[in-house]
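Coordinates in review
One-letter residues, chain by chain:
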Amino acid sequence: MSAVPDPSFALTITAPGPGHGVAVHDLVAACPPLDRNSLYANLLQCSHFAPTCALALQGDEAVGWVSGYIPPSTPATWFLWQVAIAPSMRGQGLAQRLIADILARPACAGVRFLETTITPDNEASWHLFRGVAKRLGAPLAHETGFDRDRHFGGRHDTEMLVRIGPFAP
Ligand SMILES: CC(C)(COP(=O)(O)OP(=O)(O)OC[C@H]1O[C@@H](n2cnc3c(N)ncnc32)[C@H](O)[C@@H]1OP(=O)(O)O)[C@@H](O)C(=O)NCCC(=O)NCCS
């Protein structure tokens, strides 16, 4: 007798909609050290910025999230704001898949660079973005993005600006 797949465990990756705002907000809250943004900010990501964000759903449950946008002043750059993978889903390549899904969309047809910021001690994040650069066959450079004292007034660790590219569409 063969097992019947349970649809509640099927993983789907999709652009978000405003109906996902609360689930995204809760997933980010469950993924320290990410900053929690307001629910309203998550709703804007899930509506205005939906074409450059991606959500992984297992059944109805949000298990992965990548937010990002194309800054108006740099149309060849996709800026990744946050990536949050539910603890139970880590180490399976889901973050890479969400990023690849966004970069393959028509909204990113003109994108040749990926930028993000990472705190110096976020090992998992550095591994993730080195892996992304490798898969894109592009160099990775980094410099201080927002400084702990100069920009955050001592309230937040320095965020290093990471730039991957240029890469082929
Ligand atoms: C960072 C995070 C998004 C990684 O998600 P993930 O789905 O587990 O990552 P992937 O499975 O796609 O792994 C990508 C690479 O990172 C490596 N990696 C993942 N977690 C790691 C860890 N804790 N330590 C070391 N390497 C790690 C993987 O081995 C993989 O390497 P490879 O490309 O050489 O195979 C996830 O751990 C997370 O949500 N953390 C909390 C929130 C956070 O810190 N977000 C990033 C800041 S915006």
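Residues numbered from 1 in each chain as written. Predicted model: local features only at pLDDT ≥ 70, side-chain atom pairs only at ≥ 80, totals over all residues. Heavy atoms only, no water.

Examining the sheet that holds strand E6 (residues 140–146)
With respect to topology, seven strands assemble into an open sheet ordered E1-E2-E3-E4-E5-E7-E6, the strand pairing being mixed. Unpaired on one side and paired on the other, strand E1 (11–14) and E6 mark the two borders of the sheet. The mean inter-strand angle of the sheet, taken between neighbouring strand axes irrespective of direction, is 25 degrees. Contacts from helix H1 (residues 21–29) reach strand E2 (54–58), strand E3 (61–69) and strand E4 (77–85), with the element oriented near 95 degrees to E3. Here helix H3 (residues 94–103) sits on the sheet in contact with E1, E2, E3, E4 and strand E5 (113–118), set at roughly 150 degrees to E4. (Pairing = 2+ DSSP bridges. Helix = DSSP H or I, 4+ residues; strand = E, 2+ residues; numbered from the N terminus. Axes fitted to C-alpha atoms, helices over the stretch in contact; angles between N-to-C directions. Contact = heavy atoms within 4.5 Å.)

Examining a nonpolar patch on the surface
Residues Val22, Leu39 and Leu43 make up a contiguous nonpolar surface patch of about 220 Å² in total accessible area. Taking the relative accessible area as the measure of exposure, Leu39 reaches 34% and is therefore partly exposed. (Patch = residues over 30% accessible without salt bridge, like charges linked within 9 Å, V, L, I, M, F, W, Y side chains within 5 Å. Areas by Shrake-Rupley, 256 points an atom, 1.4 Å probe, with all protein chains shown as cover. Salt bridge = Lys/Arg side-chain N within 4 Å of Asp/Glu carboxyl O. Buried < 20%, exposed > 50% of the residue type's maximum accessible area, 1.4 Å probe, protein only.)

Here we look at H1
Given 3.6 residues per helical turn, the α-helix brings residues three or four places apart onto the same face. Among the residues making up H1, those that are buried are Gly21, Val24, Leu27 and Val28. Take H1 and look down its axis: the buried residues cluster within an arc of 130 degrees, on one side only. Where H1 is buried, its residues contact helix H2 (39–47), E2, E3 and E4. (Arc of directions from axis to C-beta.)

Section: the site of the ligand
Taken together, 21 residues sit near the ligand, with Val83, Ile85, Gly91, Gly93 and Asn122 positioned nearest. Residue Gly91 places a main-chain N or O atom 2.7 Å away from an oxygen atom belonging to the ligand. Taking Ala95, its main chain carries an N or O atom lying 3.1 Å from an oxygen atom of the ligand. Elements with a minimum of two residues in the shell around the ligand: E4, H3 and helix H4 (123–136). The biggest single contributor to the shell around the ligand is H4, with six residues. (Near = heavy atom within 4 Å. Polar contact = N/O pair within 3.5 Å; in protein donor to acceptor, adjacent residues only side chain to side chain.)

Don't take any of this as a statement about function, it's just geometry.
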